[in-house]
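Descriptive structure summary
Read off the chains here:
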Amino acid sequence: MTRLLSAWQSGDTRALERLTPLIYEELRNRARRYMKRERPGHTLQATAVVHEAFVKLVEMNVSWQDRAHFFAVAARQMRRILVDHAKTRFREKRGGTTTGSLNDFDMDVLDLGPATAGDIDVLEIDEALQRLSGNNPRLAEMVELHYFGGLTYQELSETLKVSEATVDREIRLAKAWILRQIRPARNREPEAS
């Protein structure tokens, strides 16, 4: 795949023809895994996310380094598509504003634990990831690659050149940080003994 990306970047249109089924299928598998964790009845289908992301990726003028770099950029594109979709749906429901709860993003997507009151929407996750990126870009990138790009712990380990144990530890740290950002008051409530 890295050779095909390089050939495509050099102007070989046949490389793109050979690359397209590989990329499209991989993106579709990742999007399906992600969309399975979404709430039932989500209006955006995995195929639509993949198609839109694929079109944007093909149109981009990026120096593709390797397969991992390609899928990292793809993860960012899929995140943007999901966030834009959520914003559009919310504006349609609320007459032009984008604040409040969309109920489009279930807590199980990030495995942050059970939601104690209400759902967390994709816009809250996006905002929390933006804040995390300001504090710790690597943790934010891991979350984005894992949840929006579908990279496994092994793939994250290879991409970021760290051990799987480090990936596991840092993903757990990022989840806890995001949960504290989204639900600060609920996290401080004392637990019943």
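All figures in this text were calculated on a predicted structure; none of them were measured in a lab. (Residues numbered from 1 in each chain as written. Predicted model: local features only at pLDDT ≥ 70, side-chain atom pairs only at ≥ 80, totals over all residues. Heavy atoms only, no water.)

Some remarks on the layout of surface pockets
In this structure, the largest pocket spans a volume of roughly 190 Å³. Counting only elements with at least two residues in the lining of the largest pocket, the list comes to helix H4 (67-94) and helix H7 (153-160). Top contributing element to the lining of the largest pocket by residue count: H4, with four residues. Its residues assigned to classes, the lining of the largest pocket comprises three nonpolar, three polar and six charged. (1 Å grid on protein atoms, 1.4 Å probe; cavity = no way out; pocket = protein on both sides within 12 Å on 5 of 7 lines; lining within 4 Å. Points joined across faces, edges and corners; volume = space filled by probe spheres on them. Helix = DSSP H or I, 4+ residues; strand = E, 2+ residues; numbered from the N terminus. Nonpolar A, V, L, I, M, F, W, Y, C, P; charged D, E, K, R; others polar.)

Notes on the packing of aromatic side chains
On inspection of all chains with the given rule, the structure shows four aromatic pairs. Geometrically, the ring pair formed by Trp8 and Trp64 is stacked, given 6.4 Å between the ring centres and 20 degrees between the ring planes. You can see Trp8 sitting in helix H1 (residues 2-9) and its partner Trp64 sitting in the loop between helix H3 (46-59) and H4, a full 56 residues away along the chain. Each member of the pair Trp8 and Trp64 is classed as buried. Relative to Phe71, the ring of Phe70 lies with its centre 5.3 Å away and its plane at 90 degrees, an arrangement referred to as edge-to-face. By relative accessible area, which is 1% here, Phe70 ends up buried. Ring-pair connections join several aromatic residues into one group, and the members of that group are Trp8, Trp64, Phe70 and Phe71. (Phe/Tyr/Trp six-rings, centres within 6.5 Å; stacked < 30°, edge-to-face > 60°. Buried < 20%, exposed > 50% of the residue type's maximum accessible area, 1.4 Å probe, protein only.)

A short note on the packing of H7 against helix H8 (residues 164-182)
Between H7 and H8, the shortest axis-to-axis distance is 9 Å and the interhelical angle comes to 105 degrees. As far as their axial angle goes, H8 and H7 are roughly perpendicular. Residues Tyr153, Gln154, Leu156 and Ser157 of H7 form the contact with H8, whose own contacting residues are Glu164, Val167, Asp168, Ile171 and Lys175. Looking at side-chain class alone, the contact of H7 with H8 contains four nonpolar, two polar and three charged residues. (Axes fitted to C-alpha atoms, helices over the stretch in contact; angles between N-to-C directions. Parallel < 35°, antiparallel > 145°, perpendicular 65-115°, else oblique. Contact = heavy atoms within 4.5 Å.)

Observations regarding the environment of Asp168
Residue position: Asp168 is located in helix H8. Each C-alpha atom of the pair Asp168 and Tyr153 lies 7.1 Å from the other, and the pair is 15 residues apart in sequence.

A word on the confidence of the model for the protein
Taken over all residues, the pLDDT of the protein has a mean of 76, while the share at 70 or more is 75%. Per-residue pLDDT, averaged within each element of the protein, yields its smallest value for helix H9 (residues 184-187) (50) and its largest for H8 (92). Contacts for the low-pLDDT stretch residues 97-118, under 50 throughout, to residues beyond four places or in other chains number 64 contacts. (pLDDT = per-residue confidence, 0-100.)

What about the pattern of salt bridges?
When the charged atoms of two side chains lie near each other, side chains of opposite charge can form a pair. If you walk through the whole model with that rule in mind, you get 12 salt bridges. Notably, a salt bridge pairs Asp12 with Arg14, separated by 3.9 Å at the nearest N-O pair. Judged by its relative accessible area of 26%, Asp12 is partly exposed. Between Arg80 and Asp126 there is a salt bridge, with the nearest N and O atoms lying 3.7 Å from each other. Note that Arg80 is positioned in helix H4 and Asp126 in helix H5 (residues 122-135), a separation of 46 residues in sequence. A relative accessible area of 31% means that Arg80 is categorised as partly exposed. Beyond isolated ion pairs, a larger network of salt bridges with shared partners links Arg76, Arg79, Arg80, Asp84, Asp126, Glu141 and Glu144. (Salt bridge = Lys/Arg side-chain N within 4 Å of Asp/Glu carboxyl O.)

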